[in-house]
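So you can see what is in the structure, the chains are spelled out below.
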Amino acid sequence: MIPSLGLRTPLRLVAAVATALLACTLPGAVSGQQRGGTVVVAQAANPPTLDGMATAAEAARNITMHIYETLYAYSETIAPIPQLAEGVAISDDGLSYVFTLRQGVRFHNGKEMTARDVRASIERYRRVGATKSLLAPVESVEVTGDHEVTLRLSARTPMFLEAFASPRAPVVIIPEEDAAAEVGRISMVGTGPYRLVEYVPDSHVRLARFEDYAEDTRYAGSDGFGGRKAPHFDEVVFRIMPDPGAQVAALEAGEVHVLERIGVPSGRRLAGSDAIVVHENMPWAFTVLIFNTAAGPGANRDFREAVQAALNMEEIMAIVGEGLFDLNHRWQYRGSTYDPGEVGRDRYNRSDLARTAELLARAGYAGEEVILVTDTASQQNIRTAVVAEQQLRAAGINVVIRQFDQPTVLELRRRPEGWHLTTGQMGAAPYFGPVDTLATMTGAQPLFLAPDPQIDALFRELANGPTVEARQETFRRAQAYLYESFPIIKIGDWGKMEATRSNVRGYVPFRIPRMYNVWFEQ
Amino acid sequence: MAAEAAPAPLSLAAEIARARRRRRAAFLRRLFGHPSFLIGFVILAAFAATALLADRIAPYAPTKIDYRAILAPPSAAHWFGTDGFGRDILSRILHGTRVSLTIGLWVVAMVGVFGTLLGTLASYVRWLDGLIMRGLDGLMAFPGVLLAIALAAALGPSETNAIIALTVTFTPRTARIVRASVLVVQGMQYIEAAHAVGAGHGRIVFRYILANALSPLIVQLTFVFAVSIIAEAILSFLGVGPPPPAPSLGNIIADGRSYIQEAWWIAVFPGIVIAVAVLGLNLMGDGLRDVLDPRQRVERGGH
């Protein structure tokens, strides 16, 4: 299946777009969706909080994007589209953004959303937002009408609307009364199609249809994180089930209707079943290896290139992706707007042991122990570590694996000693584009111990690039730099499988399991 | 007379040695004549032999990855199939038994030493009794495996830490058993006699007390060995045993958990191996108990 990937991926893209278009026309347009029922979605992890703006965790986003909405949202093709906003007027100097709000939008507590709520929400985001640096250019937020808010920026920021619409830790709109509350202390009231009923950690999150939900009639159906959202289910229950085997058994028994992630072998087995529909969501994430560039052998550039030269990406990705993968050397998904093309291709997937030996000699490496740290939470991380260790050992690098729980790994990675190499998966950042991707590599954290001035400069240039072409050029240079300095090594892309009971209709896989415009066929 | 007298002590010594040999032979005959001990012994010997010979008999290296043979079902090339990395399950089990056996033996040795030391000290040195036993009671307040998991998780995943965690967990019960049997033996008249003829503490403890308090300890240690193999599997299953890619029976089962329906062979084969090994050890322990415990022997003879 590997040689055919080059062909299959564009086909998949076409298929995905076609399904998306179909999905846009189906709900609302076609009669046949039925109201009612309780849909149960299984996911592995507890949401750290349901305070939508305060977390960038996938486990939270899956749920909070049903409760809250943003002024602008990302479309299926990752472009900002209006959601709670009617639109935005940007001044010629690019310093003033005037958002007009939709009227008649109600919060779950019955109150109508006004400009005062929006201002309060944005102010709170600047205080507690999980990615509040995205709003760093904002100088002031003013209420300029009952349904009008004006943002003034301190400097021209061409990518501001993209940052403002980013769903990683979304700038969600909450009632003004909640604005002073600390993280997690809000009333969890939003404007979304479902409202929160209860959250029992380690058990479930229960949402119920918001009867007064104001559907955005400008759209025909879901479009990415936005669009028209029709809550057909009476209730949506997100059940927390850490064990993948138990999730699959529950799906087969019909106790769970949606698995937002299912192992590829299980997915392949169930693909033939009449009761279950299996969906491919490809690409889902990057697999990467991150160096400690501050201390140990990884501080030497030649050593880092030796690791790059030694690795056989095909072997790692076949095992990480369980067969659903793409040997993509790019720091963006293939075929996306900012696809940087072939830059660095010649240094990817080499497993060139002669070159590795030469680089190791040049780096003065004398068999010191190289500690590869990985966490127990992610199968992908463990698999990456195990296969990379075998390959690097065969290439003469004395790698040992140290496995810890996730908090310990995150803590360890803040320190220069005790680790030299670590595994990682980047899902959302590359999906949301080059700015998000490079943003994770800037500054001192979270990826690297010390800021890399070259990356920081490239990031500033990218964020301020006036046109798409200029930004594409900058990102090409960023990719060239990553394949020259190797602070982080791209291993490949993998896809995930999702599964639904076949009576769940209208479901289209995306970055979150969307439970609106989806219904039970009775 | 003098010429005749000289060989007398010699022949007496030879007589004692002969008697000892006879006793030992009779003991071994009784032991191996006990069916459950024999079955257990054969199973355990097979387990130990595979562990020792893993390098020679395993068809593949246990960490050899083959991404073209991921999750291959049992076949001529891979008798027990392969896992998600394309690694041969049979080879991993064979090497995994080595980890189990190593950890089991270390734990038995350490528990034997510390259990005996603490148990004997507590009963022989009266003023230490309260101190030691209350400390051990504190450890015993935790459910055994839970304590081992907590310790292994706190110390970090490695083979040595698993041994330490299991030793700390199993020492209190062993010490308690040693203390109880030493207390019984201590009250015997021959100990008093030994004191009376001026035997030193060392001689009394090792020659008279421990030698006579040994049988419950041996039964307890076979039990510790069996439980360590299970506990090691539990620790590895939870990811706090020896770190990957080292195979251990527990982490092979953990790997297979997510594929239980698609690739049952990953979890089932090591599961069978654990079950059989533990069965063997329990049978052996039962046999030992029957043979070593004179009271039961008498009861059996009586009926």
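In this text the structure is predicted, and so the values were computed from the model without any measurement. (Residues numbered from 1 in each chain as written. Chains lettered and ligands numbered in written order. Predicted model: local features only at pLDDT ≥ 70, side-chain atom pairs only at ≥ 80, totals over all residues. Heavy atoms only, no water.)

*Asks:* Just checking my understanding: could you explain a nonpolar patch on the surface for this structure?
*Replies:* All names here are of chain B. On the surface, L28, F32, L38, F41 and V42 cluster together into a nonpolar patch covering about 400 Å² of accessible area. Looking at which element gives the most residues to the nonpolar patch, the answer is helix α3 (residues 35–57), with three residues. Its place among the elements puts F32 in helix α2 (residues 7–33). (Patch = residues over 30% accessible without salt bridge, like charges linked within 9 Å, V, L, I, M, F, W, Y side chains within 5 Å. Areas by Shrake-Rupley, 256 points an atom, 1.4 Å probe, with all protein chains shown as cover. Salt bridge = Lys/Arg side-chain N within 4 Å of Asp/Glu carboxyl O. Helix = DSSP H or I, 4+ residues; strand = E, 2+ residues; numbered from the N terminus.)

*Asks:* Would you mind showing me how to read the packing of aromatic side chains here?
*Replies:* All chains considered together, the criterion is met by 22 aromatic pairs over all chains. Here Y97 of chain A and F160 of chain A contribute two aromatic rings whose centre-to-centre distance is 5.0 Å and whose plane-to-plane angle is 65°, an arrangement assigned as edge-to-face. Residue Y97 of chain A is located in strand β5 (residues 96–101), and its partner F160 of chain A is located in helix α4 (residues 160–165); the two are separated by 63 residues in the primary sequence. Centroid distance F32 of chain B to F37 of chain B: 5.2 Å. Interplanar angle 85°. Geometry classified as edge-to-face. Residue class for F32 of chain B comes out partly exposed when judged on its relative accessible area of 32%. Seen from the ring of W284 of chain A, K496 of chain A lies directly overhead, with NZ or CZ sitting 3.9 Å from the centre. (Phe/Tyr/Trp six-rings, centres within 6.5 Å; stacked < 30°, edge-to-face > 60°. Buried < 20%, exposed > 50% of the residue type's maximum accessible area, 1.4 Å probe, protein only. Lys NZ or Arg CZ within 6 Å of the ring centre and 35° of its normal.)

*Asks:* Looking at this structure, how should I read the packing of helix α7 (residues 301–310) of chain A against helix α9 (residues 353–363) of chain A?
*Replies:* In helix packing, the relevant descriptors are the interaxial angle and the interaxial distance, both defined with respect to the helix axes. Residues and elements named next belong to chain A. Packing of α7 against α9 brings their axes to within 8 Å, and their N-to-C directions diverge by 165°. It follows from the interaxial angle that α7 and α9 lie roughly antiparallel. Read as a crossing pair, α7 and α9 show a hand that is left-handed. Residues D302, F303, E305, A306, A309 and A310 of α7 pack against R355, T356, L359, L360, R362 and A363 of α9. (Axes fitted to C-alpha atoms, helices over the stretch in contact; angles between N-to-C directions. Parallel < 35°, antiparallel > 145°, perpendicular 65-115°, else oblique. Left-handed = near helix turned anticlockwise from the far one by under 90°. Contact = heavy atoms within 4.5 Å.)

*Asks:* Looking at this structure, I do not really get α3 of chain B. What am I missing?
*Replies:* Each α-helix winds once per 3.6 residues, and so residues spaced three or four apart point in a common direction. For α3 of chain B, the principal kink sits at A51 of chain B and spans about 45°. The complete set of buried residues in α3 of chain B reads S36, F37, G40, I43, L44, F47, A51 and A54 of chain B. (Bend = angle between axes of the 7 residues up to and from the residue.)

*Asks:* Sorry if this is basic, but what is going on with the pairing of strand β7 (residues 148–153) of chain A here?
*Replies:* Side-chain positions along a regular strand alternate between the two faces of the sheet. Residue and element names in this part refer to chain A. Judged from the five bridges that link them, β5 and β7 form a sheet pairing that is antiparallel. Paired with Y97 across the strands is L151, a residue of β7. Two elements, strand β6 (residues 138–145) and β7, share six bridges in a ladder whose sense is antiparallel. The residue of β7 that forms the bridge with V138 is L153. Where β6 folds back onto β7 in an antiparallel hairpin, the turn is made up of two residues. (Pairing = 2+ DSSP bridges.)

*Asks:* What am I meant to see in the sheet that holds β5 of chain A here?
*Replies:* Backbone hydrogen bonds are what pair the strands of a sheet, in a parallel or an antiparallel way. Residue and element names in this part refer to chain A. The strand order across the open sheet built from four strands is β4-β5-β7-β6, with neighbouring strands paired in antiparallel fashion. Taken across any chain shown, the strands that pair with only one partner, and hence form the sheet edges, are β4 (85–90) and β6. Looking at each pair of strands side by side, their axes are set apart by 20° on average, direction ignored. Of the strands in this sheet, β5, β6 and β7 are in contact with helix α3 (residues 115–128), which crosses β6 at around 170°.

*Asks:* In this structure, what is going on with the domain arrangement of chain A? I would like to understand it.
*Replies:* Accessible area lost during the coming together of the parts is what is often quoted as the interface size. Residue and element names in this part refer to chain A. Per the domain assignment, the segments making up chain A are domain 1 (2–12 + 34–240 + 503–520) and domain 2 (285–494). Distance from the C-alpha centre of domain 1 to the C-alpha centre of domain 2: 31 Å. Listed by partner, the interface residues are 18 residues for domain 1 and 21 residues for domain 2. Here domain 1 packs against domain 2, burying approximately 1500 Å² in sum over the two surfaces, 65% of which is carbon and sulfur. Across the contact surface, domain 1 and domain 2 share one salt bridge. With a shortest N-O distance of 3.7 Å, D436 and R168 are connected by a salt bridge. In this structure, the connection of domain 1 to domain 2 is made through one residue pair in polar contact (both at pLDDT 80 or more). The element contributing the most residues to the side of domain 1 that touches domain 2 is helix α1 (residues 5–25), with three residues. Of the residues assigned to the side of domain 1 that touches domain 2, the class counts are nine nonpolar, three polar and six charged. (Domains from an automatic or database assignment. Buried area = accessible area lost by both parts, 1.4 Å probe. Polar contact = N/O pair within 3.5 Å; in protein donor to acceptor, adjacent residues only side chain to side chain. Nonpolar A, V, L, I, M, F, W, Y, C, P; charged D, E, K, R; others polar.)

*Asks:* Would you explain the side chain of E69 of chain A in this entry?
*Replies:* All names here are of chain A. Mapping E69 onto the fold places it in the loop between α2 (58–67) and β2 (72–74). A polar contact is formed between the side chain of E69 and the side chain of Y213, at a distance of 2.6 Å. Discounting residues that sit within four places of it in the chain, E69 has contacts with Q83, L84, V171, V172, I173, T191, G192, P193, Y213 and K229.

*Asks:* When you look at helix α11 (residues 249–257) of chain B in this model, what are you seeing that I'm missing?
*Replies:* Residue and element names in this part refer to chain B. Within α11, seven of the nine residues are buried, which leaves it mostly tucked inside the rest of the structure. Within α11 the residues assigned to the buried category are L249, G250, N251, I252, I253, A254 and G256. Against α4 (89–124), α10 (214–237) and α12 (264–292) lie the buried residues of α11.

*Asks:* Is there a simple way to think about the nonpolar core in this case?
*Replies:* Side chains of nonpolar character tend, in soluble globular proteins, to be buried together. Residues and elements named next belong to chain A. Grouped together as the largest cluster of nonpolar side chains are 65 residues, with contacts concentrated most on F303, L311, W331, I397, M441 and I488. Considering each element in turn, this core owes the most residues, seven residues, to strand β14 (residues 276–291). Filtering out sequence-adjacent residues up to four positions away, F303 remains in contact with F291, P297, G298, L360, A363, Y365, V370 and I397. Core analysis: the second largest hydrophobic core is formed by 64 residues, A73, V141, F160 and V171 among them. (Core = buried A, V, L, I, M, F, W, Y, C linked by side-chain atoms within 4.5 Å.)

*Asks:* What's the story with the side chain of K490 of chain A in this structure? I'm lost.
*Replies:* Residue and element names in this part refer to chain A. On the secondary structure map, K490 appears in strand β19 (residues 488–501). One polar contact links the side chain of K490 to the main-chain carbonyl oxygen of N328, over a distance of 3.0 Å. Aside from chain neighbours lying at most four places away, what touches K490 is F286, T287, V288, M313, N328, H329, R330, W331, Y348 and Y483.

*Asks:* Just to check I follow, could you spell out the interface of chain A and chain B for this structure?
*Replies:* Counting from both sides, the interface comprises 20 residues of chain A and, opposite them, 18 residues of chain B. Buried surface at the junction of chain A and chain B, summed over both partners, amounts to about 1900 Å²; 61% is from carbon and sulfur atoms. Inspection of the region where chain A meets chain B yields two salt bridges. Notably, a salt bridge pairs R269 of chain A with E262 of chain B, separated by 2.6 Å at the nearest N-O pair. The interface formed by chain A and chain B contains seven residue pairs in polar contact (both at pLDDT 80 or more). Residue assignment for the side of chain A that touches chain B shows that the elements contributing at least two residues are α5 (244–253), α6 (264–270), α8 (313–320), α10 (379–394) and β17 (399–404) of chain A. Per element, the largest residue contribution to the side of chain A that touches chain B is five residues, and it comes from α10 of chain A. Counted by class, the side of chain A that touches chain B contains eight nonpolar, four polar and eight charged residues.

*Asks:* What exactly am I supposed to notice about the environment of L412 of chain A here?
*Replies:* Residue and element names in this part refer to chain A. Note on placement: L412 falls in helix α11 (residues 406–412). Once the C-alpha coordinates of L412 and V373 are considered, the two residues, 39 residues apart in sequence, prove to be 8.8 Å apart. What L412 contacts, discounting residues up to four positions off in sequence, is V373, F404, E417, G418 and W419.

*Asks:* Could you clarify how one ought to interpret the packing of α10 of chain B against α11 of chain B in this entry?
*Replies:* All names here are of chain B. At a minimum axis distance of 7 Å, the contact between α10 and α11 shows a crossing angle of 45°. Taken as axis vectors, α10 and α11 run oblique relative to one another. The crossing of α10 and α11 is right-handed. Packed against α10, whose contacting residues are A233, S236 and F237, the element α11 presents G250, N251, I253, A254 and R257 at the interface. For the contact of α10 with α11, the per-class residue count stands at four nonpolar, three polar and one charged.

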